[in-house]
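If you want the building blocks of each chain, they are given just below.
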Number of protein chains: 2
Amino acid sequence: MLILFAAPALWPDYETILPQALAEAGLSARIVTEAADPAAVDYIIYAPSAPLQDFTPYTSCKAVLSLWAGVERIVGNTTLTQPLARMVDPGLTEGMVEWVVGHALRHHLGMDRHIVNPGHVWNPTCPPLARQRPVAMLGLGALGLAAARALQALNFPVTGWSRTAKEVPGLTCLSGEAGLREALARAAIVVTLLPRTPETENLLNARTLGYLPRGAFLLNPGRGPLIDDAALLAELDSGQIAHATLDVFRVEPLPPDHPFWSHPGVTVTPHIAADTRPHSAARVLVENIRRAEAGEPLLHLVDRNRGY
Amino acid sequence: MLILFAAPALWPDYETILPQALAEAGLSARIVTEAADPAAVDYIIYAPSAPLQDFTPYTSCKAVLSLWAGVERIVGNTTLTQPLARMVDPGLTEGMVEWVVGHALRHHLGMDRHIVNPGHVWNPTCPPLARQRPVAMLGLGALGLAAARALQALNFPVTGWSRTAKEVPGLTCLSGEAGLREALARAAIVVTLLPRTPETENLLNARTLGYLPRGAFLLNPGRGPLIDDAALLAELDSGQIAHATLDVFRVEPLPPDHPFWSHPGVTVTPHIAADTRPHSAARVLVENIRRAEAGEPLLHLVDRNRGY
């Protein structure tokens, strides 16, 4: 079996771990970072930032396994006709949950005024309890659902929203335009964890941000284009949005002159909410190779029509 | 039944709620904030900050019900011979869990460098996962245990420690001096949630802070005197402790000239980690009155020998 690891920048992270994970699964494979004969490649492990863009010569390739959760940069590649699987890495999910819960609690507890308190103000005003702070979770994929569950465990009342209707035990799930309005109208904190598709671009815009109660907090660890930047800045200036903590941006690294950097109502985190963790990711890659070899359906297969 | 509400400053919070909670429990009582005839008082609801210090005249009083979790300021009062119950308020516990988890995640994720980032530095270094960040929970009472459970739910490996040995399913529990050393030696984050007793005063001192791995984080939402302030400042200066977030102090409000205010390694929160919440606290008070009237044992009875 020949595996092409087509993500040169990430190879050092996987060089030791991936062969180990294959051996543990009883799979015998040769891994290369460049294929002399593309037609001999059985599987491609891929990052959208990689040079490989033309999948046409990989005529025997049984699957392309993305190292990224977001596949918007490859899903439209018409040369990619093989089954494509997204990365759903338990380590990535854990990291995302930690980021979402941490920043939700940060805003909930009003930490910033204690972290930066040059006047040494002692004001023992107690915040409300989390059970009094409703959260809207926009996106109910693996990441959104895990974050919603963790927030619920801390008593935050969570309303989930997805573009198409979903049913999740123990979670109020809304969908569609009317559902979005309802989810936002009751939210003190809104979290965007949707895939980037033409339908989700600018989902939070001047109109939808207006559905939120005044003074809401926004967390975006999903994708930069989910938010209309100019509309968000206007709503921050007006006080409609109290604070936005953003991990993802239309251009990354966030350009030095972008107003998000200096706006007092914005915290920038540098795309760290969910990083693929090589140890757990390698096990996911290997499990999919094992499934393909055994003729079982792949995990986390991308639906080309939906785009994720 | 006559109830003396001996916490004048808190009366406005309970004026409506407490009679409601009594009525819901089917208890008929008159509540006063001053007793013309102390011998007629059946129950005293009490805060240590209240003027009442001599309990001798309350000869018919069946129980003193504290509004505070910490009773160190009354447990040594020799005129108080009636059963004394601490407040274990589910709202207080929830608030404490939120504070502990929030600040643990804040340190874990290194949030401060994103919250205050005047140089607009984009450094996408990913923090480790919570499962790689061990926590020592010093104190396994209602609050410590609830906080430990919430941290475990987020995958933090938690080691519990208490002065006297405890067994808690699913939690490694250590005790005594050797146990303290072992718990601290493996901790990246240490949380102090012990009662204040002569035995716990200065529990964290130059010697015990030295047991921690270099660069540990300290959270103290318990009691100010658990920590030797001068030793902590020295360990912060040396880098042994990376950061301390403190909610409680030997003198409160923290005096304006105290070095904690201006030390870059200290975050001061103004005793907000756990506030008694009138709604849930009123139900706890009423449940104890119901129990006393029914001859059932009181909840959260203070052991005068242990001091809590």
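Look above for the structure.
Residues numbered from 1 in each chain as written. Chains lettered and ligands numbered in written order. Predicted model: local features only at pLDDT ≥ 70, side-chain atom pairs only at ≥ 80, totals over all residues. Heavy atoms only, no water.

**Let's talk about the overall build of chain A**
Heads up, the rule is: A run of DSSP states H or I qualifies as a helix once it reaches four residues; a run of E qualifies as a strand once it reaches two. Both are numbered from the N-terminal end. Here the radius of gyration uses the C-alpha set of atoms, whereas the globule reference equals 2.2 Å times the residue count to the power 0.38. Only protein chains enter the accessibility calculation, which uses a 1.4 Å probe. A residue is then buried if its area is under 20% of the maximum for its type, exposed if over 50%, and partly exposed in between. Contact between two residues is taken to exist if any of their heavy atoms lie within 4.5 Å; hydrogens are not considered. Here the Shrake-Rupley method, with its probe set to 1.4 Å, supplies the accessible areas, and only the displayed protein chains count as covering residues.
Helix and strand content of chain A: 10 helices and 12 strands. Relative to the globule expectation of 19 Å for 308 residues, the C-alpha radius of gyration of chain A, 21 Å, shows essentially globular dimensions. Taken along its principal axes, the extent of the C-alpha atoms in chain A is 65 × 40 × 35 Å. Every one of the 308 residues in chain A was classed for burial, and the buried ones make up 56%. A fraction of 63% describes how many contacts in chain A between residues 6 or more apart in sequence connect residues 24 or more apart. Element-wise, carbon and sulfur atoms account for 53% of the exposed surface of chain A, whose accessible area totals about 12,500 Å².

**Observations concerning empty space enclosed by the protein**
Test applied: Every definition here rests on a 1 Å grid over the protein atoms only: cavities are sets of points where a 1.4 Å probe fits but cannot get out, pockets are open sets enclosed by protein on both sides within 12 Å along at least five of seven lines, and lining residues have some atom within 4 Å of a point. Grid points are joined across faces, edges and corners, and a volume is the space filled by probe spheres set on the points. Under the scheme applied here, ten amino acids are nonpolar (Ala, Val, Leu, Ile, Met, Phe, Trp, Tyr, Cys and Pro), four are charged (Asp, Glu, Lys and Arg), and all others, including Gly, are polar.
Per the counting criterion, the structure on display carries 6 cavities of 30 Å³ or more. Reported here for the largest cavity is a volume of approximately 50 Å³. Residue lining of the largest cavity: A:Gly95, A:Glu98, A:Trp99, A:Ile272, A:Ala273, A:Arg277, B:Leu109 and B:Pro127, and that is the complete set. Counting residues per element, the lining of the largest cavity draws most heavily on helix α3 (residues 90-109) of chain A, at 3 residues. Split into classes, the residues belonging to the lining of the largest cavity amount to 5 nonpolar, 1 polar and 2 charged.

**Regarding the interface of chain A and chain B**
Note the threshold: Using a 1.4 Å probe, buried area is obtained as the accessible area two parts lose upon being combined, added over both of them. Within this document, salt bridges are pairs made up of a side-chain nitrogen of Lys or Arg and a carboxyl oxygen of Asp or Glu, the two lying within 4 Å of each other.
Between chain A and chain B, the residue contacts involve 49 residues of the former and 49 residues of the latter. Summed over both partners, the interface of chain A with chain B buries about 4,000 Å², with 72% contributed by carbon and sulfur atoms. Together, A:Glu98, A:Trp122 and A:Trp261 form the three largest contributors to the area buried by chain A at its contact with chain B, with a combined 20%. Viewed at the interface, chain B and chain A are joined by 2 salt bridges.

**Focus: the relation of the copies chain A and chain B**
Keep this limit in mind: A least-squares fit on C-alpha atoms brings the copies together, and the residues used are those whose pLDDT is at least 70 in both copies.
For the pair chain A and chain B, the best superposition has an RMSD of 0.1 Å and corresponds to a rotation of 180° with a translation of 0.0 Å parallel to the axis. Viewed as a symmetry operation, the transformation between the two copies matches a two-fold axis. Across chain A, the rotation axis passes nearest the C-alpha of A:Gly102, at a separation of 2.8 Å. Interface overlap between copies: 100% of the residues of chain A at the interface are likewise at the interface in chain B, consistent with a symmetric, same-surface contact.

**Some points on the pattern of salt bridges**
Any two side chains of opposite charge can pair, so long as their charged atoms come close to each other. Within this structure, the stated rule accounts for 28 salt bridges over all chains. Linking A:Arg131 and B:Glu94 is a salt bridge whose minimum nitrogen-to-oxygen distance equals 2.7 Å. With A:Arg131 in the loop between α4 (112-115) and β6 (135-138) and B:Glu94 in helix α3 (residues 90-109), this residue pair bridges two chains. When its relative accessible area of 45% is taken as the criterion, A:Arg131 is described as partly exposed. Among the salt bridges present, the one from B:Arg290 reaches B:Glu287, with a minimum N-O distance of 3.0 Å. Pair noted here: B:Arg290 and B:Glu287 are both in helix α10 (residues 278-294), with a separation of 3 residues, about one helical turn. The network of salt bridges with common partners includes A:Arg196, A:Glu201, A:Asp229 and A:Arg250.

**Some thoughts on the packing of helix α2 (residues 17-24) of chain A against helix α10 (residues 278-293) of chain A**
Residue and element names in this part refer to chain A. Inclusion rule: Every axis in this analysis is a line fitted to C-alpha atoms, fitted for helices over the stretch in contact. Angles between the N-to-C directions lie between 0 and 180 degrees. Any angle between 65 and 115 degrees counts as roughly perpendicular, while under 35 counts as roughly parallel, over 145 as roughly antiparallel, and the rest as oblique. Crossings are sorted by hand: turned counterclockwise from the far helix by less than a right angle, the near helix makes the crossing left-handed, and turned clockwise it makes it right-handed.
At a minimum axis separation of 9 Å, α2 and α10 run at an interaxial angle of 45°. When the axis of α2 is compared with that of α10, the two are oblique. Crossing hand, α2 versus α10: right-handed. Taken together, the residues of α10 that come into contact with α2 (itself represented by Ile17, Leu18, Ala21 and Leu22) are Pro278, His279, Ala282, Leu285, Val286 and Ile289.

Read these as spatial facts, not as claims about activity.
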